[in-house]
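Residue-level structural notes
Now for the letters of each chain:
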Amino acid sequence: MMGSENADGFDETNLNAQRDDMENLDLGVDGDAGGDDPLKKSDVNGDASNSGYRSAMSTLSNVRDPLSAPPTVMIPANSDPLLAPTSYEDFRSFSSKPISSDNSYIEPPSYADVIFSPFDENSDSEINGAEDSSLHSQFSDSLSRSPSSSSSEYIKITVSNPQKEQESSNSIVGGNTYITYQITTRTNLPDFGGPSEFSVRRRFRDVVTLADRLAESYRGFCIPPRPDKSVVESQVMQKQEFVEQRRVSLEKYLRRLSAHPVIRNSDELKVFLQVQGKLPLPMSTDVASRMLDGAVKLPKQLFGEGGASAVPVHEVVQPARGGRDLLRLFKELRQSVSNDWGGSKPPVVEEDKEFLEKKEKMHELEQQIINASQQAESLVKAQQDMGETMGELGLAFIKLTKFENEEASSNAQRIRANDMKNLATAAVKASRFYRELNSQTVKHLDTLHEYLGMMMAVQGAFADRSSALLTVQTLLSELPSLQARVEKLEAASSKVFGGDKSRMRKIEELKETIKVTEDAKNVAIREYERIKENNRSEVDRLDRERRSDFMNMMKGFVVNQVGYAEKMGNVWAKVAEETNQYNREKQSS
Amino acid sequence: MESTEQPRSISGSMQSPRSPSSQPYLSVSVTDPVKLGNGVQAYISYRVITKTNLPEYQGPEKIVIRRYSDFVWLRDRLFEKYKGIFIPPLPEKSAVEKFRFSAEFIEMRRAALDIFVNRIALHPELRQSEDLRTFLQADEETMDRFRFQETGIFKKPADFMQMFRDVQSKVSDAVLGKEKPVEETTAAYEKLKHYIFELENHLAEAQKHAYRLVKRHRELGQSLLDFGKAVKLLGACEGEPTGKAFSDLGTKSELLSIKLQKEAQQVLMNFEEPLKDYVRYVQSIKATIAERGTAFKQHCELAETTKLKEINLDKLMLTRSDKVGEAEIEYREKARKLRENLRG
C-alpha cells in the first residue's frame, strides 16, 4: 500500500525518486472529479515538465490578484541607483523578451516575471568583465563593469574536450599519461589580430608555468590565483569527476585572467592561448635542479670573485629563489630577522600609513567575505530543505486525496478531497519554485566565493611589495658594510710602503662590488616603487569592480527572492480563495 | 472525514439575546496552565471552567483544578462505559523529558485538552456521563482518590481472569489448530475498517511532513537571520553606496526572519496540530474497533462455554440429579453473562 511503504522511505535518499515523482506529477490530469481544474492546459499533456507548468503559471499570474505587490519592495528608497526608475523600465522591457520560448504572454510587469538574472543559464555570461551581452548592459549601465570604451570588445575562453595523452619517452616503461584540454578563444581584441577564434591543447603543467611567469612579470598586481595542483594519485587523476572539476576550474581561471585589463594583454597569456604545440615559456624548474644550478654558482658568490657580475642585475629585482640565489636568500633572511628582532630600524620602512591601513581593511574584508559566504551556503541549504519538505508534503496530500477519492462513501468526501488536491498541487508548485529560486540564488551568491579568490590575489600583490621592500632593505644594509671594509683595507694598505699589491687588488674588487650593489640597489628601489604603484592602482580597480559586482549580486539576489515570493504568494492566494468557503462555514457556526 | 472546525459546544448563547436558561448548554474551557511541584514530580495543572444550566450540575459555573492524568482517567472511564462509541482522543504523554515544560508543548497540550473536553460535552451520549460530571465538579481530593483507584497497579480480579482466559484460548487454539474466530462482520464494516487503517497511515505521513515543514520554516528563518548579520558586517567594510545597500539587505533579512518564525508558529498551531488531532482521532477509532473485536471474541467464548454447560446439564439430568442443581445455577450464570455481553 502506498502510504505505509513510503512512510519509512521518505528521507533524502529517496529524493531523486521523489523528484521524478513530482516531475511526472499530472498537475490536474487525473481524469476524476474536479473538472474545473484551471491547470488543465492542452499543452500540459500529462507531462508536467517545466515548460508545461510555466505556461500554466502565466495563466495564473494573468489573474491579477491584489496580492501581487507593486515592485517597490525591499530595496531602499533613496537616491540609490538600485531604485532608479530606469531600472524598473529595464525590467519591463525584459518581461517582453521571452526567457523561455514558452512564455509567450506579454505579462504586466511584476517581479514575478522577472526572475532571471545576468547569471541566467541562457545567457552564458560568466565572469568576463567586458562582455557585450545585452542583458548586462541593459541592466544598469552605471553599475556595469565594462569600461565604456571597450564595451564592444570581448574575449571568451572555453576549456573543453579533455583527452588522455602519453609523454613520449625512450624508456622501456613508456611515459606518463597526462590529460590535455582544448582551450578555445573567441575574441575581437586587436592584440590578437582582430576577430578570430583559435584553439590550442594544453596540460595542467602548462597552466602552472603560465601562472608562475605571470607572477614574475606582474609583481604587485592582483593576479587571480590559479587552480590548485592536486596531490593525488594518478589513478584519481584520470577519473571523470576529477577531470571535469579541473576543467571547470581551468576555465574559470582563464576567464578571470582575460577579465583583468592588464593581464589580458600580456605576452604570456597570448602565447599560452595561441601558440600551437609546446608552450614556449620557460618552465619553472623544480627545486632540485635549481639547487644544482645554484651549487655551481655558489662558490663564486661565496668568495666574491666576480660573483656579483655573474648575477645579472635584472635578476636582482626578482624575489630570491631557492637554489640559484642561496646567498641572496641567506642575506635577505638575515635582514628580515634583524627587521623583526633587531633593535635598529631597517633603512627603509614601510612608512605608507595608507598602505598599512589598506592592508588592515583588506584583511577585515576578507574575514567578512568568508563569513558571508558561509552564511550564504547555509541559506542555500535551508532553502533547498524547505523546497524538499514542501514537495514531500504536497505528495503526501496527493496520495491522501487519491485514497479519499477511491474509498469515498459520500459525495461530500469527494468534494473535500478535491479541495485537498488543490492544496497539494499548490505545495508541489511552491516546492518547484523553491528549487528554481535556489539554483538562481546559488549563482548570485557565488560572487562571494569568487571574491574569496580575489582576496588571495590581493594578498599576493601585497606580498610582492613586501619582498621587494626586503630586497631594498638588504641591499641598503649591505652597502655600509662593504664601504667599511674598503676603508679598513685602504687604511691598512696606506701603512705599507709602496702600496700593498694584494690589498690594492682586493680594494679594487670591493669597489666593483660596491658599484654593482649600488646599481642593484637603485634598480631595486625603482622596482619597489613600481610595485607600490601597481598595488595602488590594482587595489583601486579591485575595489571598484568588487563594489559593482556586489551590487549586482545583491540586486539579483533580491529580485530573485521577490519574484519567487510573488509567484508563491500567487499560488497560495489562489488556493486560499478556492477554499474560502471553509472559513465562511467556520465563522458562521 | 470530518470538517476542519474545532468543535465548541453551544456556548455562544451567553451573549445571545435569548435568555440563557431557555437553551440547555454545557460549555467547558481548559485554561491557565501552572507548573506545580518540583523536581521529578513536577507537573502542570490546568484550570477547568464549566458553565452550564443543566440541572444535573451544581450551579451555573464551576472551576476546578485538573492535571493530565485526570483527563486520562476520564478518557479511560468513558472508553469502558461507552463501548462502541468513538471517544475523543487525548494528546500524547510527552516522551522527551526536557520538552515537557516548554511553553510550546504546554500550549499545544492545553489546546488539545480543551478540544477533548468540549467534544465530550458536545456528544449527545457522552455528555450525560456521570464520570464527566465528576470530572468537571469534584473537588481535587475526591478526584485524586478516583484517579488512584483506576490507575493503580492493582488491577481488578476480573481483569486477571480475562487475561488468563485469553492466554488459555490462544494456547488451545494453537494446539487444536483452530483458526481465529471470524469476527461478526459485514462487507460494509470491513470496508470501513480497511478505510480507517489506511487513513491512519496517510494522515500520519501528512502530519510528519507538516511537522518537518514547521522545522524548515524555523531553519530558514534562522539562516536568513545569520545571513543578514553577515551581510551587514560585510557592508561595514565597504564604502558607500555598497555599504548602505548591504546594510539594508541585512536589515530586511532580519525582518524576514522574524516573519518566518511567526509563520512557523502558525503552521504549527493551525495546520500540523489539527492534523495530529486527526491522527489521534483515527487511532481512537481503531481502539474502539479493537474493543469490538475483543468483545465479540469474549461473546463467542461465553457462547461456547454456555453451550458446554448446557450439554453438561442435559447429561446430568439424565444421570445424577444431585449435581443438577449446581450445574443449572452455573448454566443460568453463563446465559446471563452471555445476554449481558450481547447487549454491550
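Our structure's up above, just so we're on the same page.
Residues numbered from 1 in each chain as written. Chains lettered and ligands numbered in written order. Predicted model: local features only at pLDDT ≥ 70, side-chain atom pairs only at ≥ 80, totals over all residues. Heavy atoms only, no water.

1. With respect to the overall build of chain A
A count of helices and strands for chain A gives 17 helices and three strands. Across chain A, contacts joining residues at least 24 apart in sequence account for 73% of those joining residues at least 6 apart. Summed over all atoms, the accessible surface of chain A reaches about 29900 Å², with 53% contributed by carbon and sulfur. (Helix = DSSP H or I, 4+ residues; strand = E, 2+ residues; numbered from the N terminus. Contact = heavy atoms within 4.5 Å. Areas by Shrake-Rupley, 256 points an atom, 1.4 Å probe, with all protein chains shown as cover.)

2. Some thoughts on the packing of helix α14 (residues 353-407) of chain A against helix α6 (residues 187-237) of chain B
Two measures define how a pair of helices packs: the angle their axes make with one another and the distance between the axes. Taken N-terminus to C-terminus, the directions of α14 of chain A and α6 of chain B make an angle of 165°; their axes are 7 Å apart at the nearest point. Taken together, the axes of α14 of chain A and α6 of chain B are roughly antiparallel relative to one another. Read as a crossing pair, α14 of chain A and α6 of chain B show a hand that is left-handed. Residues belonging to the contact of α14 of chain A with α6 of chain B are distributed by class as follows: 26 nonpolar, eleven polar and 13 charged. (Axes fitted to C-alpha atoms, helices over the stretch in contact; angles between N-to-C directions. Parallel < 35°, antiparallel > 145°, perpendicular 65-115°, else oblique. Left-handed = near helix turned anticlockwise from the far one by under 90°. Nonpolar A, V, L, I, M, F, W, Y, C, P; charged D, E, K, R; others polar.)

3. Remarks on a nonpolar patch on the surface
Residue and element names in this part refer to chain A. On the surface, L333, V337 and W341 cluster together into a nonpolar patch covering about 390 Å² of accessible area. Examined against the element boundaries, V337 turns out to sit in helix α13 (residues 326-340). By relative accessible area, which is 41% here, V337 ends up partly exposed. (Patch = residues over 30% accessible without salt bridge, like charges linked within 9 Å, V, L, I, M, F, W, Y side chains within 5 Å. Salt bridge = Lys/Arg side-chain N within 4 Å of Asp/Glu carboxyl O. Buried < 20%, exposed > 50% of the residue type's maximum accessible area, 1.4 Å probe, protein only.)

4. Here we look at the nonpolar core
By size, the foremost hydrophobic cluster in this structure holds 72 residues, and its most contacted members are F397 and F550 of chain A together with L203 and L234 of chain B. Only α14, α15 (411-495) and α16 (501-578) of chain A together with α6 and α7 (242-318) of chain B provide two or more residues apiece to this core. Broken down by element, this core gets its largest block of residues, 17 residues, from α15 of chain A. Dropping the residues within four chain positions of it, L234 of chain B is found in contact with L365, Q368, I369, A372, L448 and F550 of chain A together with F246 of chain B. (Core = buried A, V, L, I, M, F, W, Y, C linked by side-chain atoms within 4.5 Å.)

5. As for the environment of T180 of chain A
Residues and elements named next belong to chain A. Turning to its location among the elements, T180 is positioned in strand β2 (residues 177-187). For T180, a relative accessible area of 4% corresponds to the buried category. Spatially, the C-alpha atoms of T180 and S160 are 9.4 Å apart, while their sequence positions differ by 20 residues. Sequence-distant contacts of T180, defined by excluding residues within four places in its chain, comprise N161, P162, Q163, E165, R201, R202 and R203. At a separation of 2.7 Å, a polar atom in the side chain of T180 contacts the side chain of R201. (Polar contact = N/O pair within 3.5 Å; in protein donor to acceptor, adjacent residues only side chain to side chain.)

6. Notes on the packing of aromatic side chains
The final tally for this structure, using the stated rule, is twelve aromatic pairs over all chains. Seen in terms of ring centroids, F403 of chain A and Y195 of chain B are 5.5 Å apart; in terms of plane orientation they differ by 5°. Their pairing is stacked. Taken together, the positions of F403 of chain A in helix α14 and Y195 of chain B in helix α6 put the pair across two chains. Exposure remark for F403 of chain A: the relative accessible area of 4% places this residue in the buried category. Overall, the relative accessible area of 10% leaves Y195 of chain B in the buried class. Seen from their ring centres, F550 of chain A and F246 of chain B are 5.5 Å apart, and the 80° between their planes marks the pair as edge-to-face. Within this pair, whereas F550 of chain A is found in helix α16, its partner F246 of chain B is found in helix α7, the two belonging to separate chains. Grouping residues by exposure puts F550 of chain A and F246 of chain B together as buried. Of the aromatic side chains, those joined through ring pairs into one cluster are Y46, F71, F116 and F135 of chain B. Taking the ring centre of F204 of chain A as reference, the NZ or CZ of R246 of chain A above it sits at 3.6 Å. Taking the ring centre of F355 of chain A as reference, the NZ or CZ of R465 of chain A above it sits at 3.5 Å. (Phe/Tyr/Trp six-rings, centres within 6.5 Å; stacked < 30°, edge-to-face > 60°. Lys NZ or Arg CZ within 6 Å of the ring centre and 35° of its normal.)

7. Notes on the interface of chain B and chain A
Taken together, the contact pairs 43 residues of chain B with 54 residues of chain A. In total, about 4400 Å² of surface goes out of reach between chain B and chain A, with carbon and sulfur atoms giving 69% of it. Counting across the chain B and chain A interface gives four salt bridges. Here chain B is connected to chain A by seven residue pairs in polar contact (both at pLDDT 80 or more). Broken down by secondary-structure element, the contributors of at least two residues to the side of chain B that touches chain A are α6 and α7 of chain B. Class assignment for the residues of the side of chain B that touches chain A results in 21 nonpolar, nine polar and 13 charged. (Buried area = accessible area lost by both parts, 1.4 Å probe.)

8. Observations regarding a positive patch on the surface
All names here are of chain A. On the surface, R485, K488, R505 and K506 cluster together into a patch of positive charge. Listing elements by their share of the positive patch, those giving two or more residues are α15 and α16. On the secondary structure map, R505 appears in helix α16. (Lys, Arg positive; Asp, Glu negative; His and termini not counted. Charge placed at Lys NZ, Arg CZ, Asp CG, Glu CD.)

9. Here we look at the pattern of salt bridges
All told, the structure shown has 37 salt bridges over all chains when counted by the stated rule. Measuring nitrogen to oxygen at the nearest pair gives 3.4 Å for the salt bridge that ties R536 of chain A to D540 of chain A. In this pair, R536 of chain A and D540 of chain A both sit in helix α16, four residues apart, roughly one turn of the helix. When its relative accessible area of 44% is taken as the criterion, R536 of chain A is described as partly exposed. In this structure, R119 of chain B and D277 of chain B form a salt bridge, with 2.6 Å as the shortest nitrogen-oxygen distance. Pair noted here: R119 of chain B is in helix α2 (residues 103-122) and D277 of chain B is in helix α7, with a separation of 158 residues, a long-range link. Side by side, R119 of chain B and D277 of chain B carry an identical accessibility label, which is buried. A single network of salt bridges, built from pairs that share partners, joins K358, D543, R546 and R547 of chain A together with E238 of chain B.

10. Here we look at the packing of helix α6 (residues 204-217) of chain A against helix α9 (residues 267-274) of chain A
All names here are of chain A. Contact pair α6 / α9: the axes reach a minimum separation of 9 Å and the direction vectors enclose 165°. Judged by the inter-axis angle, α6 sits roughly antiparallel to α9. When you trace α6 past α9, the crossing you get is right-handed. Taken together, the residues of α9 that come into contact with α6 (itself represented by D206, V207, L210, R213, L214 and S217) are E268, L269 and F272. Considered class by class, the residues forming the contact of α6 with α9 number five nonpolar, one polar and three charged.

11. Section: the sheet that holds β2 of chain A
All names here are of chain A. Read across the open sheet, the three strands follow the order β1-β2-β3; overall the sheet is antiparallel. Since the sheet does not close on itself, it has two edges, and those belong to β1 (155-166) and β3 (196-203), each with one partner. Each strand axis lies, on average, 20° off the axis of its neighbour in the sheet, ignoring direction. Both β2 and β3 contribute to a ladder of eight bridges, which runs antiparallel. Residue T180 lies in a different strand from β3, and its bridge partner there is R203. Packing against the sheet, α6 makes contact with β2 and β3, and its axis sits at approximately 105° to β3. (Pairing = 2+ DSSP bridges.)

12. Describing the pairing of strand β1 (residues 26-36) of chain B
Residue and element names in this part refer to chain B. In the sheet, β1 pairs with strand β2 (residues 43-52) via nine bridges, with the strands oriented antiparallel. Bridge pairing in β2 places L26 opposite T52. In textbook terms, the turn of a hairpin is the stretch between consecutive antiparallel strands, and for β1 and β2 this stretch comprises six residues, one of which, G37, has a positive phi near 75°.

13. Digging into the environment of S94 of chain B
Residues and elements named next belong to chain B. Tracing the backbone shows S94 in the loop between α1 (68-81) and α2. Relative accessible area serves as the criterion here: at 18%, S94 is assigned to the buried category. Along the chain, S94 and R109 lie 15 residues apart, while their C-alpha atoms are 9.6 Å from each other.

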